[in-house]
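Results of the structural survey
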Amino acid sequence: MTRFPEIESELNRRRIVAEMDAIRLEKEALKGKTLLDKSLAGLGKWMIASGEKLRKQRQSSQESPAVKLANKVA
């Protein structure tokens, strides 16, 4: 699938803007004035880290049978 340079640059720009917004929101949450704000920000970070870890585990477990089959055939 080929993409036009204009579309690719626009997609990259949108991705960068989304990352910048996420960073701004994270900084704002960490500046929370109450203990609840800071606790919720910490909980959110933990949930994201846990979800990414689970996703990596699931991807590696799904790929291993295919790799085993490819090695068995070869």
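Described below are features of the structure shown in this document. The structure presented is a predicted model; accordingly, all values stated were derived computationally and were not measured.

1. Notes on the overall build of the chain
- In terms of regular secondary structure, the chain is built from 2 helices and 0 strands.
- Counting all 74 residues of the chain, 3% fall into the buried class.

2. Observations regarding the pattern of salt bridges
- In the structure shown here, the tally under the stated rule is 5 salt bridges.
- Among the ionic pairs, Glu10 bridges to Arg14, the shortest N-O distance being 3.1 Å. Residue Glu10 and its partner Arg14 are both found in helix H1 (residues 5-30); the two are separated by 4 residues, about one turn of the helix.
- On the accessibility criterion, Glu10 (28% relative accessible area) is partly exposed.
- For Glu19, the salt bridge goes to Arg15, with nearest N and O atoms at 3.1 Å. Residue Glu19 and its partner Arg15 are both found in helix H1; the two are separated by 4 residues, about one turn of the helix.

3. Considerations on a nonpolar patch on the surface
- Taken together, the side chains of Leu36, Leu40, Leu43, Trp46 and Met47 define a hydrophobic patch exposed on the protein surface, amounting to about 560 Å² of accessible area.
- Within the element layout of this structure, Trp46 appears in helix H2 (residues 35-73).

4. Concerning the environment of Gly44
- Structurally, Gly44 can be placed in helix H2.
- Sequence-wise, Gly44 and Ala29 are 15 residues apart; in three dimensions their C-alpha atoms are separated by 10.0 Å.

Conventions and cut-offs
Residues numbered from 1 in each chain as written. Predicted model: local features only at pLDDT ≥ 70, side-chain atom pairs only at ≥ 80, totals over all residues. Heavy atoms only, no water. Helix = DSSP H or I, 4+ residues; strand = E, 2+ residues; numbered from the N terminus. Buried < 20%, exposed > 50% of the residue type's maximum accessible area, 1.4 Å probe, protein only. Salt bridge = Lys/Arg side-chain N within 4 Å of Asp/Glu carboxyl O. Patch = residues over 30% accessible without salt bridge, like charges linked within 9 Å, V, L, I, M, F, W, Y side chains within 5 Å. Areas by Shrake-Rupley, 256 points an atom, 1.4 Å probe, with all protein chains shown as cover.

The quantities given are spatial measurements derived from coordinates; they are silent on function.
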